[in-house]
Amino acid sequence: MMKVTNNKFLHQRKVLEMKRLILLEQKNRIETMNDFLSFSQRVYLGYEINSHHRYISKCLNKAMKHERGWTRLVFHEPPQHGKSLQGSILFPAFYLGHYPDDPLILTAYNDEHAIGFSKKIRNVIDSEFYEQVFPGMEFSEDTRAGRRWELKAPHRGTLAAAGLGGGITGKGAKLLI
């Protein structure tokens, strides 16, 4: 009789632990979905956070929510401090997770940089982790080029990438980087 009771107790304990882990995972996904810094840390393993990353993340969270006074931002940082990773790769991916029907334009000082950023955004969105946080995001098969790509229906989001002097005339955007 004692052995059966112990087995029941162990089974109940395992079930409770599994439920706890599931709830913790759900909490982490919600946090990742709603906070850019959390998203950045989880999608880019080894991302080292400093005070300027926290500040920029707060600014980008406000911009994404269209808070008054926060919709036009300019960041000035020294080279190799994370501007490109944070602003030109991770943020557009995070933004599209929330607004998958919005068109984006990504600019850089030359085409090579802009297209490189575009491909990295696409890789983030294509990742298994991103699928867990923002399910149902796929690319249209006929537009997977680095310069311009579209999300697969039912989403209508697009990204056009161009360097200085590149061709973005006639394209609209809800997010311009």
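Remember, it's a predicted structure, so these values are computed and weren't measured experimentally.

Draft legend 1. A look at the overall build of the protein chain. Looking only at helices and strands, the protein chain features 6 helices and 5 strands. Tracing the protein chain from N to C terminus, the helices and strands come up as α-α-α-α-β-α-α-β-β-β-β. For the protein chain, whose C-alpha radius of gyration is 20 Å, the value lies well above the compact-globule estimate of 16 Å for 177 residues. Overall, the protein chain is about 80 × 40 × 30 Å in size when its C-alpha atoms are taken along their principal axes. Residues classed as buried in the protein chain amount to 36% of the 177 residues present. Partitioning the intrachain contacts of the protein chain with sequence separation of at least 6 by distance along the chain shows that 65% fall at a separation of at least 24. Approximately 11,500 Å² of the protein chain is accessible, and the part contributed by carbon and sulfur atoms is 55%.

Draft legend 2. Region of interest: the pairing of strand β4 (residues 158-163). The element β4 is largely enclosed, with a buried count of 6 among its 6 residues. Bridge analysis of strand β3 (residues 148-151) against β4 gives 3 bridges, and the strand direction is antiparallel. Note on β4: the bridge partner recorded for Glu150 is Thr158.

Draft legend 3. Structural context of the packing of helix α4 (residues 83-98) against helix α5 (residues 111-126). Packing of α4 against α5 brings their axes to within 9 Å, and their N-to-C directions diverge by 45°. The pairing of α4 with α5 is recorded here as oblique in orientation. Considering how the two elements wind past one another, α4 and α5 form a crossing that is right-handed. Residues Ser84, Ser88, Ile89, Leu90, Pro92, Ala93 and Leu96 of α4 form the contact with α5, whose participating residues are Phe117, Lys120, Ile121, Val124 and Ile125. Partitioned by chemical class, the residues of the contact of α4 with α5 number 9 nonpolar, 2 polar and 1 charged.

Draft legend 4. View of the nonpolar core. Formed by 35 residues in total, the largest nonpolar core has its most connected members in Phe39, Ile125 and Tyr130. Of all elements in the fold, only α2 (36-43), α3 (51-64), α4, β1 (103-108), α5, α6 (128-133), β3 and β4 reach the threshold of two or more residues within this core. Sequence-distant contacts of Ile125, that is, excluding residues within four places in its chain, are made with Ala93, Leu96, Tyr130, Met137, Phe139 and Trp149.

Calculation rules
- Per chain, residues are indexed from 1 in the order of the written sequence.
- With pLDDT at 70 or above as the cut-off, local features in this predicted model cover only qualifying residues; side-chain atom pairs require 80 or more to be listed or tallied, and sums for whole chains, interfaces and linings still use all residues.
- Side-chain numbers come from the whole structure's heavy atoms, not from hydrogens or water.
- Strands are runs of DSSP state E lasting at least 2 residues, helices are runs of H or I lasting at least 4, and numbering of each runs from the N terminus.
- Computation of the radius of gyration draws on C-alpha atoms alone. For the globule rule, the value is 2.2 Å times the number of residues to the power 0.38.
- When accessible area is computed with a 1.4 Å probe and restricted to protein chains, residues below 20% of their type maximum are described as buried, those above 50% as exposed, and intermediate ones as partly exposed.
- Contact criterion: two residues are considered in contact whenever any of their non-hydrogen atoms come within 4.5 Å of each other.
- Here the accessible surface of atoms and residues is derived via Shrake-Rupley with a 1.4 Å probe, and residues count as covered only by protein chains that are part of the display.
- In this scheme, strands are said to pair when DSSP sees at least two bridges between them.
- Inter-axis angles, ranging from 0 to 180 degrees, are taken between N-to-C directions of lines fitted to C-alpha atoms, where helices are fitted over the stretch in contact.
- For classification purposes, an angle smaller than 35 degrees is called roughly parallel, one larger than 145 roughly antiparallel, one from 65 to 115 roughly perpendicular, and anything else oblique.
- If you view the pair so one helix is near and one far, a crossing is left-handed when the near helix is turned anticlockwise from the far one by less than a right angle, and right-handed when it is turned clockwise.
- Residue type decides the class: Asp, Glu, Lys and Arg count as charged, Ala, Val, Leu, Ile, Met, Phe, Trp, Tyr, Cys and Pro as nonpolar, and the leftover types, Gly among them, as polar.
- In this description, a nonpolar core means a group of buried Ala, Val, Leu, Ile, Met, Phe, Trp, Tyr and Cys residues linked to one another through side-chain atoms lying within 4.5 Å.

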